[in-house]
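Topology and contacts: notes
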Amino acid sequence: MKIIATILISYFAILSAHGADPKTNWMNNCMQCHGPDGSANTPMGKAVNAKDLTKAQIQSSFTDAQATAAIKDGVTKDGMSKMSAFGGTLSDEEIKALVAYVRTLKK
C-alpha cells in the first residue's frame, strides 16, 4: 500500500511540474472570449472583438511567435487591453503547447 501511495504521489508531482494540458489551459484561460471551439462566439468575445480561431484566414495572419507573445504578454490596441497576459500564470512550455492547441482549432 505504501508503494502505491508513493507512486501516485510521484506521478501527480510530475504532472503538476509540467502544468496543465493545453485543453485544460484553454478552458481555464481562453474559452471565456474565444469559446470552447475557438469561434469567439461568446458575449465577451464579441465585446472585445476576439479573433475567430477556427478560420484559416485568421490562423494564417499570425505566426507561432506572435501567438506566443500575445498569450504571454497580452494584447492591447489603442491603449485598451484586448487580451490579458498569461505569462505570469502559464509556463513557457504551457504557452507553447497552447499555441499548438490553437492551431488545431482551424477548420
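Please refer to the structure placed before this passage.
As a starting point, this report considers the structure included with it. (Residues numbered from 1 in each chain as written. Predicted model: local features only at pLDDT ≥ 70, side-chain atom pairs only at ≥ 80, totals over all residues. Heavy atoms only, no water.)

1. Some points on the packing of helix H2 (residues 22-29) against helix H7 (residues 92-103)
Here is the rule: Note on method: axes are straight lines fitted to C-alpha atoms, helices fitted across the in-contact stretch only, with angles between N-to-C directions ranging 0 to 180 degrees. Secondary structure is summarised from DSSP: a helix means a run of H or I of at least four residues, a strand means a run of E of at least two, and numbering begins at the N terminus for each. The cut-offs work like this: below 35 degrees is roughly parallel, past 145 is roughly antiparallel, 65 to 115 is roughly perpendicular, and the gaps in between are oblique. For this analysis, residues touch if any pair of their heavy atoms sits within 4.5 Å. Amino acid classes used here: Ala, Val, Leu, Ile, Met, Phe, Trp, Tyr, Cys and Pro are nonpolar; Asp, Glu, Lys and Arg are charged; the rest, including Gly, are polar.
One can describe the packing of H2 onto H7 by two numbers: an axis separation of 9 Å at closest approach and a directional angle of 85°. Between H2 and H7, the angle falls in the class roughly perpendicular. Contacts from Pro 22, Lys 23, Asn 25 and Trp 26 in H2 reach Glu 94, Ala 97, Leu 98, Tyr 101 and Val 102 in H7. Taken together, the residues of the contact of H2 with H7 sort by class into 6 nonpolar, 1 polar and 2 charged.

2. Focus: the nonpolar core
Stated formally: Take the buried Ala, Val, Leu, Ile, Met, Phe, Trp, Tyr and Cys residues and link them wherever side-chain atoms come within 4.5 Å; each set so joined is a nonpolar core. Between buried and exposed lies partly exposed: a residue is buried under 20% and exposed over 50% of the maximum accessible area for its type, with that area taken using a 1.4 Å probe on protein chains only.
Core analysis: the biggest nonpolar cluster contains 14 residues, and Trp 26, Leu 53, Ile 71, Leu 90 and Leu 98 have the highest contact counts within it. For Leu 98, the contacting residues outside a window of four places in its chain are Pro 22, Asn 25, Trp 26, Cys 30, Ile 71 and Leu 90.

3. Quick word on the packing of aromatic side chains
Put simply, the test is: Between the rings of Phe, Tyr and Trp (Trp by its six-membered ring), a pair exists once the centres lie within 6.5 Å; its type follows the angle of the planes, with under 30 degrees stacked, over 60 edge-to-face, and the other angles tilted.
Using the criterion set out here, one finds 1 aromatic pair in the structure. Ring centres 5.8 Å apart and planes at 50° place the aromatic pair Trp 26 and Tyr 101 in the tilted group. One end of the pair, Trp 26, is in helix H2; the other, Tyr 101, is in helix H7, with 75 residues separating them in the sequence. A relative accessible area of 15% means that Tyr 101 is categorised as buried.

4. Structural notes on the side chain of Gln 59
Our working definition: Polar contact is defined as a pair of N or O atoms within 3.5 Å, subject to the rule that within protein one atom must be able to donate a hydrogen and the other to accept it, and that residues adjacent in sequence are counted only when both atoms are side-chain atoms.
Its place among the elements puts Gln 59 in helix H5 (residues 56-59). Here Gln 59 falls in the buried class, since its relative accessible area comes to 4%. In terms of polar contacts, Gln 59 uses its side chain to reach the backbone carbonyl oxygen of Val 102, at 2.8 Å. Setting aside chain neighbours within four positions, we find Gln 59 in contact with Leu 53, Val 102, Arg 103, Leu 105 and Lys 106.

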